[in-house]
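Reading the structure
What follows is the residue order along each chain.
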Amino acid sequence: MRLSRSLSITSLSGLPLWEEESLDVQDLLLFEVSWEVTNKVGGIYTVIQTKAKITVDEWGENYIMMGPYYEHNFKTQVEKCEPPNQAIKAAMDSLINNGCQLTDQLQDKPNVIAHFHEWQAGTGLVLSRSRKIPLATVFTTHATLLGRYLCAGNADFYNNLDKFNIDQEAGERQIYHRYCLERAAVHCAHVFTTVSQITAVEANHMLHRQPDVVTPNGLNVRKFSAMHEFQNLHSMNKAKIQEFVRGHFYGHLDFNLEKTLFFFIAGRYEFSNKGADLFLESLSRLNYLLRVQKSDVTVVVFFIMPAKTNNFNVESLKGQAVRKQLWDTAQSVKEKFGKRLYESLLRGEIPDMSKILDRDDFTIMKRAIYATQRHSFPPVTTHNMLDDSTDPILSNIRRIGLFNGRNDRVKIVFHPEFLSSTSPLLPMDYEEFVRGCHLGVFPSYYEPWGYTPGECTVMGIPSVTTNLSGFGCFMEEHVSDPSEYGIYIVDRRFRSADESCNQLTQFMFSFCQQSRRQRIIQRNRTERLSDLLDWRYLGRFYMHARHLALSRSFPGKFKMDHLNLAPVSLSHSLRCTLMHSHFLQSLTMRT
């Protein structure tokens, strides 16, 4: 893989200005309604949480989120306070005292924008429009309900978008009531948005409305900024993962950890939708290539996907206990050795190395070595699975025969639980873990956006995505050669499953052939793309959707005659920025 210095995208701080009048929010209220406000279910929680800062910067105390009340979430994620707006306070008092029999507290002003996310919040939108409540409404679908179900059922989704009998498919899956609610919300909203161009195509077929605005998901990049020390953070967190590997593979640690790469896949346990099926098959082929090439590189692959378990398994816990015992033994012998060496040098003597350790020391070390003996393979999973025999990941591991044998160059660790710094096995938060890995692999078949490769990007970690994910399409459209920046895009739309599998295998094999220096250079390039994903830029598309909703709901007060109201994407403004950036960089960085 060519990794000579190439054009970069470092001048993205000069993003083009949004040619749109700013709103005077003094007489406006913005409500954002979602089932995932302080309630983590999936990626929508991340959207709302990370977008909150720029929204508050614009709207101040006129921005209100609404979501389900869960006592634990309320205690840990929010602070109780009195409503700053008297109209909202009066409405809440009415709710508390009279249930849902609300009187109109807002009267003629201020004007209200209500932004609803996904079908669970759609009820409020439909009722608001049917009761002719004067609201400007926005509805965002992050993934169509039926699309997710069809893909999970292994349907040839994208090649048959125009052929599905939508009502029949929803009825057969017993989600017709939810589908009708989603579709009603889409058609009742003044403005309909979705998170990527590929989901816009899907929504047009599944919900029969073309989105007005595409609003790509961003990240609060400042949160991930490491003050130019992300390479050091990679080394530090990689060392923590290496400690886990030392314990998990005790007795079979016959590979060089300095030549070991850490790959991972993480997210909701949707085996086919998230591409875990393709990933496992590719790992089998990668293992074959590395063995045939007699490579000295070992790949340890982590599957971080929550599944039903009843606890950590004994072998995994024992491995970490053995590692700790070995460390304590080594530290004890090291302390004695150091003390005797020091005293010998103080006397002006060259120590007799055969006598500097006594018989007890050798006995302790022999016992420690004996404790590392293992007559079984290191476990492929860290927990006791409730459905071990039918679990998709474990079933496919058995099929491809990757059991962490000594001759395998690809090792697998299935961690069926979200990561936590309090874990007795792998005490790391997700961000620390990502920073310590070398490559994130997310070969999704159905992924309307895909936050996991985006999080890798802003932390400077290369990743694999697909042209069926919103993130992959975004990068493919706006970066001329994504692989040069550590974004590998597998073609799952126009190639067969076998061809896609071979392409993914080749991406990973090429990555394994890179030198350490090449990987460092690539991480630097990957991190340069982080500005593309910053809410400070992508938040403007949410602003546009809100302005558009106001102009359609209150045309006498808000006008947008100077704007093109066709579906809006990043393509023109961002492509101009990248071309300008490439031109500037070519003047100074060409070698």
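In the block above lies the structure referred to throughout.
Throughout what follows, the structure given in this document is the object of discussion. (Residues numbered from 1 in each chain as written. Predicted model: local features only at pLDDT ≥ 70, side-chain atom pairs only at ≥ 80, totals over all residues. Heavy atoms only, no water.)

1. Some points on the overall build of the protein chain
On a plain count of helices and strands, the protein chain comes out with 21 helices and 14 strands. A total of 591 residues make up the protein chain; the buried ones form 53% of that total. Restricting the contact set of the protein chain to residue pairs at least 6 apart, pairs at least 24 apart contribute 75%. Approximately 28,400 Å² of the protein chain is accessible, and the part contributed by carbon and sulfur atoms is 53%. (Helix = DSSP H or I, 4+ residues; strand = E, 2+ residues; numbered from the N terminus. Buried < 20%, exposed > 50% of the residue type's maximum accessible area, 1.4 Å probe, protein only. Contact = heavy atoms within 4.5 Å. Areas by Shrake-Rupley, 256 points an atom, 1.4 Å probe, with all protein chains shown as cover.)

2. Digging into the packing of aromatic side chains
To describe a pair of aromatic rings, you give the distance between the ring centres and the angle between the ring planes. Under the definition given, this model contains 24 aromatic pairs. Their ring planes at 85° and their centres at 5.8 Å tell us that Phe249 and Phe255 sit as a pair that is edge-to-face. The class for Phe249 is buried, based on a relative accessible area of 0%. Ring geometry for Tyr488 and Phe507: centres 5.3 Å apart, planes at 45°, overall tilted. Of this pair, Tyr488 sits in strand E14 (residues 487-490) while Phe507 sits in helix H18 (residues 497-512); the two residues are 19 residues apart in sequence, bridging distant segments of the chain. (Phe/Tyr/Trp six-rings, centres within 6.5 Å; stacked < 30°, edge-to-face > 60°.)

3. Re the sheet that holds strand E13 (residues 463-466)
If you trace the 6 strands from one edge of the open sheet to the other, you get E11-E8-E7-E12-E13-E14, paired in parallel fashion. Sheet topology places strand E11 (410-415) and E14 at the edges, where each strand pairs with a single neighbour. Between one strand and the next, the sheet's axes are offset by a mean angle of 25°, whatever the strand orientation. (Pairing = 2+ DSSP bridges. Axes fitted to C-alpha atoms, helices over the stretch in contact; angles between N-to-C directions.)

4. Quick word on helix H13 (residues 359-371)
Between its first and last C-alpha atoms H13 spans 19 Å; for 13 residues at 1.5 Å apiece the expected length is 18 Å, and the two agree. Between the side-chain oxygen of the N-cap and the backbone nitrogen of Asp360 there are 3.2 Å, and the N-cap of H13 in question is Asp358. (Expected span 1.5 Å × (residues − 1). Polar contact = N/O pair within 3.5 Å; in protein donor to acceptor, adjacent residues only side chain to side chain.)

5. Section: the packing of helix H10 (residues 230-248) against helix H12 (residues 314-346)
In contact at an axis separation of 7 Å, H10 and H12 are set at 110° when each is read in the N-to-C sense. Considered as vectors, H10 and H12 are oriented roughly perpendicular to each other. Along its contact with H10, which presents Glu243, Phe244, Arg246, Gly247 and His248, the element H12 presents Ser316, Gly319, Gln320 and Arg323. Its residues assigned to classes, the contact of H10 with H12 shows 1 nonpolar, 5 polar and 3 charged. (Parallel < 35°, antiparallel > 145°, perpendicular 65-115°, else oblique. Nonpolar A, V, L, I, M, F, W, Y, C, P; charged D, E, K, R; others polar.)

6. Some points on the packing of helix H4 (residues 122-130) against helix H7 (residues 176-188)
A pair of packed helices is captured by two measures, namely the crossing angle of their axes and the spacing between those axes. It is at 9 Å that the axes of H4 and H7 come closest, and there the two elements cross at 50°. In this view, H4 runs oblique relative to H7, as classed from their interaxial angle. Classified by chirality, the crossing of H7 by H4 is left-handed. For the pair formed by H4 and H7, the contact residues are Gly122, Thr123, Leu125, Val126 and Arg129 on the first element and Leu181, Ala184, Ala185 and Cys188 on the second. Among the residues forming the contact of H4 with H7, the class breakdown is 6 nonpolar, 2 polar and 1 charged. (Left-handed = near helix turned anticlockwise from the far one by under 90°.)

7. Re the pattern of salt bridges
Scanning the model with the defined rule gives 32 salt bridges in all. Across the salt bridge formed by Lys240 and Glu432, the nearest N and O atoms sit 3.5 Å from each other. Residue Lys240 is located in helix H10, and its partner Glu432 is located in helix H15 (residues 430-436); the two are separated by 192 residues in the primary sequence. The class of Glu432 is partly exposed, set by a relative accessible area of 24%. Between Glu270 and Arg268 there is a salt bridge, with the nearest N and O atoms lying 3.4 Å from each other. A relative accessible area of 15% places Glu270 in the buried class. Residue classification places Arg268 among the partly exposed positions, given a relative accessible area of 33%. Taken together, the shared-partner salt bridges in this structure form one network comprising Glu281, Arg285, Arg399 and Asp498. (Salt bridge = Lys/Arg side-chain N within 4 Å of Asp/Glu carboxyl O.)

8. Focus: the side chain of Ser423
As for its placement among the helices and strands, Ser423 is situated in the loop between E11 and H15. Of note is the side chain of Ser423, whose polar atom sits 3.3 Å from the backbone nitrogen of Leu426.

9. Observations concerning the nonpolar core
Core analysis: the biggest nonpolar cluster contains 85 residues, and Phe263, Leu283, Phe302 and Phe303 have the highest contact counts within it. Setting aside residues no more than four positions away along its own chain, Phe303 makes contact with Ile265, Ala276, Phe279, Leu280, Leu283, Ile393, Ile412, Val413, Phe414 and His415. Core analysis: the next-biggest nonpolar cluster, separate from the first, contains 39 residues, Leu29, Leu125, Phe192 and Tyr445 among them. (Core = buried A, V, L, I, M, F, W, Y, C linked by side-chain atoms within 4.5 Å.)

The values are spatial; any link to function lies outside them.
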